[in-house]
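The chain contents come next:
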Amino acid sequence: QSAIKVADSIMYITNVKNPDSASAYYMDQWLSGVKIQDLANKIFQAVYDKRLKAYNYITGKKMSIKEVKELESEFSRKDIGQILFTEDWYFDEKELKMYKQVNSIMLAYFRYDDDGNLLGNKAGIRVYLNGTKPMRGAQDY
């Protein structure tokens, strides 16, 4: 109740999978607690159950179930390597605690060449949480 908002709709992307086996000595340790498959499965199931709406990150337009399934036929959930979060941050000066509210999640897939070299990422679905209204697509920024 005494927390003040210190960041409004801050966006950041974070790796949730080690993109490069050469850096495994430290990244695998940092990411050892990540259960991205569980999160992805829950998000996709909520989309298929029509409890969440999926949006195209680039265009900002709502995706049909058919479009989500087409994306899933092209990219595997096991290749989800990054998440783009949109959050509000709160600081409670009295309790000296920091809180976050996640407003949207975009799942991004790592893309590899035939030799297993990382090519980059591909934006997947974006979902909005906590009654947050959809934002513009990335192409509009």
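As a reminder, the structure under discussion sits directly above these lines.
As a starting point, this report considers the structure included with it. Computed from a predicted structure; not experimentally measured. (Residues numbered from 1 in each chain as written. Predicted model: local features only at pLDDT ≥ 70, side-chain atom pairs only at ≥ 80, totals over all residues. Heavy atoms only, no water.)

## Thoughts on the sheet that holds strand β3 (residues 80–92)
Then comes step 1: One open sheet accounts for five strands, arranged β1-β3-β4-β5-β2; its pairing is antiparallel. Bordering the open sheet on either side are β1 (3–15) and β2 (55–56), each of which pairs with just one other strand.
Then comes step 2: Across eight bridges, the pairing between strand β4 (residues 97–112) and strand β5 (residues 118–128) is antiparallel. In the sheet register, Tyr-112 faces β5, and the bridge partner there is Leu-118.
Then comes step 3: Together, β3, β4 and β5 form the strand contacts of helix α2 (residues 36–48), whose direction differs from that of β4 by roughly 90°.
Then comes step 4: Sitting on the sheet, helix α3 (residues 65–74) touches β4 and β5, and the angle it makes with β5 is about 155°. (Pairing = 2+ DSSP bridges. Helix = DSSP H or I, 4+ residues; strand = E, 2+ residues; numbered from the N terminus. Contact = heavy atoms within 4.5 Å. Axes fitted to C-alpha atoms, helices over the stretch in contact; angles between N-to-C directions.)

## Quick look at the packing of aromatic side chains
Then comes step 1: Applying the stated criterion across every chain yields a total of five aromatic pairs.
Then comes step 2: Ring centres of Tyr-12 and Phe-85 lie 5.5 Å apart, and the angle between their planes is 35°; on these two criteria the pair is classed as tilted. Placement of the pair is Tyr-12 in strand β1 and Phe-85 in strand β3, with a sequence separation of 73 residues.
Then comes step 3: For Phe-85, a relative accessible area of 15% corresponds to the buried category.
Then comes step 4: Above the ring of Tyr-48, the side-chain terminus of Lys-69 is found at 5.6 Å from the ring centroid. (Phe/Tyr/Trp six-rings, centres within 6.5 Å; stacked < 30°, edge-to-face > 60°. Buried < 20%, exposed > 50% of the residue type's maximum accessible area, 1.4 Å probe, protein only. Lys NZ or Arg CZ within 6 Å of the ring centre and 35° of its normal.)

## So, the pairing of β5
Then comes step 1: By the bridge criterion, two bridges tie β2 to β5 in an arrangement that is antiparallel. By the bridge assignment, Asn-56 is partnered in β5 with Ile-125.
Then comes step 2: Linking β4 to β5, which pair antiparallel, is a turn of five residues; within it Gly-116 sits at a positive phi near 85°.

## Details of α2
Then comes step 1: For α2, which comprises 13 residues, the first-to-last C-alpha distance of 18 Å matches the rise-based estimate of 18 Å (1.5 Å per residue) to within 8%.
Then comes step 2: Those residues of α2 that sit buried are Ile-36, Ala-40, Ile-43, Phe-44, Ala-46 and Val-47. Taken end-on, α2 shows its buried residues confined to a sector of 160°, consistent with a single buried face.
Then comes step 3: Of the surrounding elements, those touching the buried residues of α2 are α3, β3, β4 and β5.
Then comes step 4: Residue Lys-50 follows α2 closely and has a positive phi angle near 65°. (Expected span 1.5 Å × (residues − 1). Arc of directions from axis to C-beta.)

## Here's the deal with the side chain of Asp-88
Then comes step 1: Structurally, Asp-88 can be placed in strand β3.
Then comes step 2: At 2.8 Å, the side chain of Asp-88 and the backbone nitrogen of Ser-9 are in polar contact.
Then comes step 3: Residues in contact with Asp-88, not counting those within four places in the same chain, are Lys-5, Ala-7, Asp-8, Ser-9, Tyr-99, Lys-100, Gln-101 and Asn-103. (Polar contact = N/O pair within 3.5 Å; in protein donor to acceptor, adjacent residues only side chain to side chain.)

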